[in-house]
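Take a look at the letters that make up each chain.
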Amino acid sequence: MWISSRFYVILLLLNLDATCSEPFEAHLRGPGFVMEPPGRVEFSNSSGGWLDCSASGSPQPTVDWVHADGSAVTEIHGVRRVLRNGTLVLMPFAAAAYHQDVHNTIYRCIASNSVGRIVSRDVQVRAVVAQAYKVDVEVLSAARGCTAILRCVVPTFVKELVRVVSWVHEPAIYIYPSLQGDGKFHLLPTGELLIHNLQESDESQSFRCRSMHRLTRQVVVSSPTRLRINSHRGIISPSVVEHTAHVQVSQDEGAVLLCVAQGCPSPEYSWFTHNGAGPLPVLSGPRVRLLGPILAIEAVTGEDSGVYKCTAGNVGGEASAELRLTVATPIQVEISPNVLSVHMGGTAEFRCLVTSNGSPVGMQNILWYKDGRQLPSSGRVEDTLVVPRVSRENRGMYQCVVRRPEGDTFQATAELQLGDAPPVLLYSFIEQTLQPGPAVSLKCSAAGNPTPQISWTLDGFPLPSNGRFMIGQYITVHGDVISHVNISHVMVEDGGEYACNAENRAGRVQHAARLNIYGLPYIRLIPKVTAVSGETLNLKCPVAGYPIEEIHWERGGRELPDDIRQRVQPDGSLTISPVQKNSDSGVYTCWARNKQGHSARRSGEVTVIVPPSIEPFAFQEGLAEGMRTRTVCGVSRGDPPLKLIWLKDGDPLPDLLGANVTMLDQYSSLLSIPSLSATHSGEYTCVAKNPAAEIKYTALLQVKVPPRWIVEPVDANVERNRHIMLHCQAQGVPTPSIVWKKATGSKSGEYEEVRERPFTKLLGNGSLLLQHVKEDREGFYLCQANNGIGTGIGKVIQLKVNSSPYFSSTSRSVMVKKGDTALLQCAVSGDKPINIVWMRSGKNTLNPSTNYKISVKQEATPDGVSAELQIRTVDATDSGPYFCRASNLYGNDQQLVQLQVQEPPLPPSVLEAAMISSRSVNIKWQPKTLGTGDVTKYIVEFREADHSLPPALFVDQWQQIEVKDPPHFNAMIENLKPATRYAFRVIAEGSAGRSAPSQELIVRTEPQRPAGPPLSLSARPLSSTELLISWVAPLPELRHGDIQGYNVGYKLSSSGNTAYNFTSVSGDGDGGNGELLLSGLAKFARYTVVVQAFNQVGPGPLSEPTAAQTMEDVPSRPPEDVRCAALSSQSLQVSWQPPPIYHTNGLLQGYKLIFEPIIDDIQPSKDEVESRKTTALTMVLTGLRKYTNYSIQVLAHTRMGDGVVSKPLFCHSEEDVPEAPADIKVVSSSSQSLYISWLPPNEPNGVITKYSLYTRVVNGREELNNEKRSLPSQQAYYEAKGLHPHMEYQFWVTASTRVGEGKSSRVSSQITTNRIPARIISFGGPVVRPWRSTVTLPCTAVGKPKREWFKSDVALRQGGLHNSQLLDSGDLIISSLQLADGGNYSCQVDNGIGTDRLTHTLMVQVPPTAPVLYVTSATSSSILMHWKCGFTGNAPITGYTLFYRRANGNTDEMQLSRHASSHELKGLMCGSTYQIHLSAQNKVGTSPTSTILHVRTQGQSPGHPASTALLAPNSTSLLVRLHSWPDNGCPLLYFVLQYRAVTEDPDAEWVLVSNALKPQRRIVVNNLQPSTLYQLRMEAHNVAGISQAEFNFVTLTKDGDPPPPEIMHRGHGGQTNVIFANINLLIPTIAAVSGMFCTIIMIIVCYRHKQSQIQKESLENRANSEAAQRERYYATIHKVSMQNNDKIPETSEDISPYATFQLSEAGGNMSQPHHGGPANTLLHSFMYHERALAEGCSSPPPAASKNRRRHSRKTEPESEESESDQDQLTSSRTESSNQHEGKIKHSIIYHGAQSSTSSDLSPMSEQKSLPRRGRSRYHHQQYQFSTNTTPRHHNSNKMNNNTTSNTNTTATNTTATPSTSSNSNKILSPRGGNLKSISSTFKSQDSIQCHIPTLVKSPSISTQQQKQFHKQQLQNSSNNSQHSSSNPNSSSLKQQQPLLITPKLHQLEANGQELLGLDGIGNSPLVACMPPSSQFRPIPHKSIMPAHEPPHHHNHNQQSHPHQQQQQQLQQQHPGTLLNPSTAMLSSKFFTAPTLPK
């Protein structure tokens, strides 16, 4: 029922479908703007505004307005209306009704129809509320003869809406805008009024400005304004006062560029364009006018855009300005294609073409829109839009919008249409089987373009027309068609195959499916079927009912098929193909049957018709107008009824065509045309159709038509500089081509074709566009049209150019001499007649009738008129501008002729140097002449300003150059000499002659790079890494300036690199010689060296290279690839490869092989390190230990010494047969058994595999029996049992390795007996164990004895030792071994029958004690140290660890060899304090570190130079010789230099020259005032510190003379005030004076106290002093540790000024593993303190006493080679850095056991303790010292003999007094002068080394006091050592306490005699880390006083002791060696010792 209720709805949908699905509307066209609104609309509130917008399209588009956001624009009553025609009206409004969203917003116009939608450009609407305003006039005045500017000043709120329309020259002269003006007045298009050539009369005139509002048209006039003329006198260089920086105009408009300059005289203007590669002058032409300060360009084009430069110049100079002209060219936007048809699924592509004047435009900002909406991903700079996979949604309107940076937009539209697309079924129904009764709906959906039509069939026939069937169809929004069939109540007869067919003009698609209804067979009515002959006929049987078993076809009573063309398909349909008319027409019967046998039958008729076929036809070729033609369309076959019709171009023949159609018969039609014309051309189609088909055939008829005019060209006239279009259009068949030609001469002459070029455009319709027409375009033009039919047509026309007058140039200049006749000419071009008028200054017309001096001439020329003005007897008043004004019917123009009357020139003035270079000078000057025409050239004269030549010779020396064409006011003089003074002068020359010379200008040319290389370059080696380079300065004439330094380049000669490494050396500026020490070079390498000089400009040429080779050195790399192989048990073969060639550092002399066995001896009896030399690369080592691991190292050596040792290589010798067992014992264990024990071989020579025990029974001399028994290697005993009693048995043992059986032991025999005596079968001997371990001492015995153990003959009881235990077996176990447990342990057994004793020697290994470290020398970057190992802990030393760190730095450590006894630390910082300590290692552990030494490297903070050596003042500069500043051993880093003038103000500002001035030879301080007192403050910085000094100096006078005496006196007198005004200098000065005063007092007191003692000792000492000094000199050694072949130095160059010697006390507490007390070692360092002393300096040995001289430090003469004199700085004051004590000079360095408690002293030196390196001579001082040693009692009963020495010396901080002692053999007395280095070496066989410094005497103390003090001192030393690191600032009281050093003597056995030793046990073994006898040589006996003299002044123990007697005896036996050390109580602080009194 629902179907019937919607019947009318379905009918409505069917109706709509019929409307929408009719054939595709080809006439639809999208919208396009006919009138697009402008981009900007402005209007006033009083007038209102409107925006027009109209569009076209099919259907007609609707126009709407929207806002920028897309919202619709609505009407607002009284404010805004939208008219029906699309116009938007904004009505006038009151000011109060202003709405910004209405009156100041953006609107858009939208045009839309069914095709699409387009949007216009943005329309910016702005409504302006009218306001009253006033205008004023601004006057930019100028000088006489110049240009004034009047500007109309408009208020800013209306400035952009108001323009200047004119100016009023009172009272009533109106001046209007123009491009060129009238000569006097020129109103620019921008509104400025220019008044040229100002005269005094112009001041009386007034002007007013007239302005107009663009919107309201209101005119406002300003008040009148008068001019003002500036009165300038003299010459004023031009300055640009007004110029238009940027001018923007549209194409074809006029442009005016303004550039007004003021100057006196009036400047001349030149214009240039910068649009090309370089500036080009702008020339006047047809479009370009040069009007002085104005450049006018008519009808501008894009080529005129660019940068222009105007230059204004007069005699005073020149000024310029840049102006930019921008030409806005219109652009055209087009989309290609504008209509695009694309099939669905295809790709659409639009391209936006942007052109300007027909040429493509570059990259633009392009936006794409679709139906008014911006497309995504747009905004890109792309001109192509691609739409892939086009669908129905993509069709519509597309827009390309181009937005320029200026803000304006352009757009074009295009339409995208969908092409034909065949239908596609989107939805279809399926087969269904139903019972009768229910409702059924079948649905189909299809898409296509055009929209497809859907039809339904049932079994191939239309649907039944009854009320139960309803068909519905509609179209969706996407264009899809949906159709359905509804059956309200299905019945059996409704069953069958339903098909939906979708069809449009592009194709057809069908879908079919069965609807099965259960029921009996039923066949519906079969309608009449018409078949087409030749095609396929498909007949369906319209059967209903279900199921159907079979379907059959019959015809004429026969069942089909009966022919091969017939076929019954499985679905029951009948197919006949092809159909034949005769055989297939008739009645066909269809019957159907089900399984039950029910059947149905139905018949239908089939009629066959034949489709028509047209015979081909064609029109005759070459038909022309007026001819006749006909053709026949015949149908060759086809059944009637036939219908024949004719079409032309697809349409029926029009009546006006004049064609006749005649039917010849029913099968033929005749088309005839009696008279052909062009309209008959086209395609003619014959259509034949019958019910079967419609057939078409088309033929082309083309009528040839000759050309004829559509628009015939005519003559034309055009004004000059205008555009003209010459039209010429023709038609014909085929379309004719248009060609323009121009006559080269007369009308009948030759013609040349006109081609496309700038300003000549050939349009597509045949028209010719000529732009900016000039006279050259005038002439005859021919337009020809031709299409190949006939001869074509043509027409000649004449183009005339109406030319207004114009000049080839806008101005010219004429110069005449005063009194001559001036001839002013002007040639004007243009159409005649031309009237010429001459005017003066642009306003006064010149008339010969009123001025007798002038005459005028005029004559015609082919191009115009030539005029001439003559002025007779001209003078200066006739100078000025003259105007030649020409006019005709078409306009006027004028030319400026500037007349200049010449007078003799004046000499130039203000001569100055504009630019100075090394070889050229640019001189500029100012002329005194008012006019530039007065001077034709300038003559510049110059010469060298050499004052040594007489002035009379100067005239002949002048050289000249001329400046002309045109004469400039500057000149470049070239080819001068660098760094040379020249004199210049200028002469002006005119037509009247030359002027007087100008004043001379003195100029010094700039320096230039040196032109010559340094000379005499040489290089010589100083070491393996140093070359000394020396050279001589270049020739003076090639220096080209002051030589500031040299660049020294060097490179390896063998390297392929061509580049040099350069280093700079400062020069002295005077071209002196130079030298440079190149360090850090490769060793034994050849270098190529060059040098070049440089001055302040740069470097000069390189010198010729020279070559030099560094010296040889030891190899820096070990040999490589060291290998080892065992050859036998006693030989190894070692091979190696040489070191890398670049590390041999010389010629290899050979190799040294160092090897040693790796054995674990307790104490090696000898040093088994051996070395062998060879020149080969392999060596066989023989005579080695058997089966021993060897450490092997190889080094290479040159003649300079040994190189680096290779890493140890370990190699094992092979096994061999062992040596004999060490011992054998045989004892009786019973009456029938013997116990045999033995020791393994001392040299097993391999791994013992077994022992062989040999037994032999002897009866008397007869051998009864022997046997051999093999025992395992672990068994060292055997008990032989079952022996015969009372028989002698002999035993011996051999050991075996895998090589074989070794030697036999001794034969031991024993007789078996019944009495078993006590015997020990264990073996004794040395036992070595590490501490804290456990040892078992065996004591195995036979005979059941009683055992007793003894330690050093002291019996041990059970529990007697806390760590020992006696076992029942007799073994002694000692646990937790300590050093004290070592010794001899004896085991004694006794059983009454016999006794036996066994002794074990136990040695406990402990870590070593701390080594004794001392420093022997130091340099600025290295420290040389030696050490002695202490107690080794009963184990060999395995190595040392050296710890060192800089003050406040991190600790570094270094591993040293066990064989080393010295090391040199290198690469240290100069003048820095380092903390050094050392530890030793053995296999047990590491020793405590040695006492920390505080060592300071050489170098101090910088010194202070003498002012005379440092400073050299000049008149305006100061030369500072930086190289004279002493660096005191540490290289200078930089200087801080500042100065100030000495004034009354003490707080005057300092002028900083540099705060980081690099060290150089010299520097010049400039900009000083002559004859002025200055104060110079300098700081010198190096690593060690800062040194500051201030100097006073006085500059010379301007003439270089010395300054006045009062200034000099002021400079010296003011020094005191400066010093005392500085608190930093005042406090140290007071402290120094106070200290000196106290020192003098103490010296006097000590001197008086010791005077008597000195007198007593003087006689004894005087005789010995000379010999002692000479021996002391020759005994000074360079190194403490010498090799066996070292010699005592022969000369003072071999003596190190830092030699340090040591008193070693080995023994006592030092032997303990944990030694907490001080190391009783005296370390005395002697330092030279000469100011100029250096290493290697020569010091002669002391002479006789009568030749001795005493020198004071302050009176010591300066060395000849010293750089500065510190004692002569009388006019300077110095201030040292607070980092060091610069005032204290430490003469003695002492280091003892308590040195670590010192907080600020190093064992080497404080400031000035180490002299600088240098070569200066020094004066050696001589001193004698007295040493007194008092022996103590000696206990001869004990092994350790102690001797305490008493020292009678006194110590103070400032003086050293010799002791009074009768022991004259040890007296060394000081003898005046400063303390110098005294080195004495006391040598003995036990390595006692003494270096005796200045000794001070201590008060006499008793022996008991000495012991107590010594003990307390040891405790303090331990405490201070622990406290020193945490509290470095220990009190000076502790540091200055007297230190008693008590040497202890011990006895040594030497050749059976008792010798004296130091502080040790007499017979205890001393571990000698340094061989004692090989280190030092004895001092000859002659240098020592007799030792047998008794001492005299002893305060206690006056008698001679046995110890003294032993000493005397020992000295008599060894007269050449001094053994008794001197003891002295010395403070660990440094102290100074000034000159001591006699």
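See the structure printed just above.
It should be emphasised that the depicted structure is a prediction, and the values quoted were computed from it without experimental measurement.

Trainee: Quick one: what's the story with the overall build of the protein chain, residue by residue and with numbers?
Mentor: Across its full length, the protein chain carries twelve helices and 148 strands. Counting across all 2038 residues of the protein chain, residues that qualify as buried make up 49%. Looking at the protein chain alone, contacts between residues at least 24 apart form 68% of all its contacts between residues at least 6 apart. Split by element, the accessible area of the protein chain, about 97,700 Å² in all, is 50% carbon and sulfur.

Trainee: Describe the state of the cysteines, with residues and values.
Mentor: Two cysteines, two sulfur atoms, one covalent bond between them: this is a disulfide. Tallied over the entire structure, the rule returns twelve disulfides. Linked covalently through their sulfurs, cysteine 53 and cysteine 109 form a disulfide whose S-S length is 1.9 Å. Between cysteine 53 and cysteine 109 the sulfur-sulfur dihedral comes to about -80°; the bridge is accordingly left-handed. Highlighted residues: cysteine 53 in the loop between β3 (49–51) and β4 (54–58) and cysteine 109 in strand β8 (residues 104–112), separated in sequence by 56 residues. You can call cysteine 53 buried: its relative accessible area is 2%. Accessibility expressed as a relative area gives 0% for cysteine 109, which makes it buried.

Trainee: Would you mind going over the sheet that holds strand β51 (residues 537–539) in detail, with residue names and values included?
Mentor: In space, the three strands of this open sheet follow the order β51-β56-β55, with antiparallel pairing throughout. Looking at which strands have only one partner, the edges of the open sheet turn out to be β51 and β55 (566–568). Geometrically, the sheet is characterised by an average inter-axis angle of 15° between neighbouring strands, direction not taken into account. The pairing of β55 with strand β56 (residues 574–576) spans three bridges and is classified as antiparallel. In the sheet register, arginine 567 faces β56, and the bridge partner there is threonine 575.

Trainee: So what's going on with the environment of lysine 742? Which residues, and what values?
Mentor: Within the secondary structure layout, lysine 742 lies in strand β71 (residues 737–743). Distance in space between the C-alpha atoms of lysine 742 and glutamate 778 is 9.5 Å, their sequence separation being 36 residues. In this structure the side chain of lysine 742 is engaged in a polar contact, spanning 3.3 Å, whose partner is the backbone oxygen of glutamate 778.

Trainee: Any details on the pattern of salt bridges? Residues and values, ideally.
Mentor: Working definition: two side chains of opposite charge can pair if their charged atoms are close together. This structure, assessed with the given rule, holds 52 salt bridges. When the shortest N-O distance is used, the salt bridge between lysine 1268 and glutamate 1301 registers 3.7 Å. With lysine 1268 in strand β112 (residues 1262–1272) and glutamate 1301 in strand β115 (residues 1301–1304), this residue pair connects regions lying 33 residues apart in the sequence. For the salt bridge of aspartate 1353 with arginine 1397, the shortest nitrogen-to-oxygen distance reads 3.9 Å.

Trainee: Account for the environment of valine 705, naming residues and giving values.
Mentor: Topologically, valine 705 is positioned in strand β67 (residues 705–711). Residue valine 705 is classed as buried on the basis of its relative accessible area of 3%. As for valine 705 and proline 736, which are separated by 31 residues in sequence, their C-alpha atoms are 9.7 Å apart. Excluding its chain neighbours within four sequence positions, the residues that come into contact with valine 705 are Glu625, Ala678, Gly732, Val733, Asn787 and Ile789.

Trainee: Break down the sheet that holds strand β60 (residues 629–637) for me, citing the residues and quoting the values.
Mentor: Strands pair in a sheet through their backbones, by hydrogen bonds, and they do so in one of two ways: parallel or antiparallel. Across the sheet, four strands lie side by side as β59-β60-β64-β63; this open sheet has antiparallel pairing. Here the strands that pair on one side only, and so sit at the sheet edges, are β59 (613–614) and β63 (660–665). Here β60 runs beside strand β64 (residues 668–673); their pairing, made up of six bridges, is antiparallel. Considered in β64, the bridge of arginine 630 is made with serine 672.

Trainee: Tell me about the side chain of glutamate 1215, residues and numbers included.
Mentor: Its place among the elements puts glutamate 1215 in the loop between β108 (1209–1212) and β109 (1224–1230). Note on glutamate 1215: relative accessible area 13%, which makes it buried. One polar contact links the side chain of glutamate 1215 to the main-chain amide nitrogen of valine 1247, over a distance of 2.8 Å. Within the local environment of glutamate 1215, its side chain forms a polar contact with the side chain of arginine 1298, the two groups lying 2.5 Å apart. Discounting chain neighbours no more than four positions away, the residues touching glutamate 1215 are Ser1129, Tyr1187, Asn1245, Gly1246, Val1247, Thr1297, Arg1298 and Val1299.

Trainee: I'd love a proper account of the nonpolar core, names of residues and values included.
Mentor: Leu257, Trp271, Leu295 and Leu325 are the most contacted members of the largest nonpolar core, which totals 29 residues. At the level of secondary structure, the elements contributing two or more residues to this core comprise β23 (246–250), β24 (255–264), β25 (268–273), β27 (288–291), β28 (294–297), β29 (306–314) and β30 (317–328). The next biggest cluster of nonpolar side chains, apart from the first, holds 25 residues, and it includes Val164, Trp167, Phe185 and Leu227.

Trainee: Go over a nonpolar patch on the surface, please, and point to the residues and values.
Mentor: Residues Val424, Leu426 and Tyr427 make up a contiguous nonpolar surface patch of roughly 290 Å² in combined accessible area. If you trace the backbone, leucine 426 turns up in strand β40 (residues 421–427). On the accessibility criterion, leucine 426 (47% relative accessible area) is partly exposed.

Trainee: Go over the side chain of threonine 1297 with me, naming the residues and quoting the values.
Mentor: Mapped onto the elements, threonine 1297 comes out in the loop between β114 (1288–1296) and β115. With relative accessibility at 5%, the residue threonine 1297 sits in the buried group. From its side chain, threonine 1297 meets the backbone oxygen of aspartate 1216 in a polar contact 3.0 Å long.

Trainee: So what about unusual backbone geometry? Which residues, and what values?
Mentor: Cis peptide bonds are those with omega within 30 degrees of zero, and the linkage from serine 58 to proline 59 qualifies with -5°. Secondary-structure assignment places proline 59 in the loop between β4 and β5 (62–67). Backbone torsion omega between lysine 832 and proline 833 reads 0°, so that peptide bond is classified as cis. By the element assignment, proline 833 lies in the loop between β79 (822–829) and β80 (835–840). Despite not being glycine, serine 1016 shows a phi value in the positive range, around 50°.

Trainee: Hey, could you go over the pairing of strand β87 (residues 921–926) for me, with residue numbers and the actual values?
Mentor: Relative to β87, strand β86 (residues 909–916) runs antiparallel, the two sharing five bridges. Bridged to glutamate 912 within β87 is lysine 924. Here four bridges tie β87 to strand β90 (residues 970–973), and the two strands are oriented antiparallel to one another. Among the inter-strand pairings, isoleucine 923 is bridged to a residue of β90, identified as alanine 971.

Trainee: Which residues make up the environment of leucine 846, and what values do they have?
Mentor: With respect to the helices and strands, leucine 846 occurs in the loop between β81 (844–845) and β82 (854–860). Judged by relative accessible area, leucine 846 falls into the buried class, the value being 16%. Put simply, leucine 846 and tyrosine 882 are 36 residues apart on the chain and 9.5 Å apart in space, counted from C-alpha to C-alpha.

Trainee: Talk me through the packing of aromatic side chains; I want residue IDs and the actual numbers.
Mentor: Per the stated rule, a full pass over the model turns up 27 aromatic pairs. Of the aromatic side chains, those joined through ring pairs into one cluster are Phe617, Trp646 and Tyr697. One cation-aromatic arrangement involves arginine 1332 over tryptophan 1331; the distance from NZ or CZ to the ring centre is 4.0 Å.

Reading the values: the criteria
- Residues numbered from 1 in each chain as written.
- Predicted model: local features only at pLDDT ≥ 70, side-chain atom pairs only at ≥ 80, totals over all residues.
- Heavy atoms only, no water.
- Helix = DSSP H or I, 4+ residues; strand = E, 2+ residues; numbered from the N terminus.
- Buried < 20%, exposed > 50% of the residue type's maximum accessible area, 1.4 Å probe, protein only.
- Contact = heavy atoms within 4.5 Å.
- Areas by Shrake-Rupley, 256 points an atom, 1.4 Å probe, with all protein chains shown as cover.
- Disulfide = S-S within 2.5 Å.
- Pairing = 2+ DSSP bridges.
- Axes fitted to C-alpha atoms, helices over the stretch in contact; angles between N-to-C directions.
- Polar contact = N/O pair within 3.5 Å; in protein donor to acceptor, adjacent residues only side chain to side chain.
- Salt bridge = Lys/Arg side-chain N within 4 Å of Asp/Glu carboxyl O.
- Core = buried A, V, L, I, M, F, W, Y, C linked by side-chain atoms within 4.5 Å.
- Patch = residues over 30% accessible without salt bridge, like charges linked within 9 Å, V, L, I, M, F, W, Y side chains within 5 Å.
- Phe/Tyr/Trp six-rings, centres within 6.5 Å; stacked < 30°, edge-to-face > 60°.
- Lys NZ or Arg CZ within 6 Å of the ring centre and 35° of its normal.

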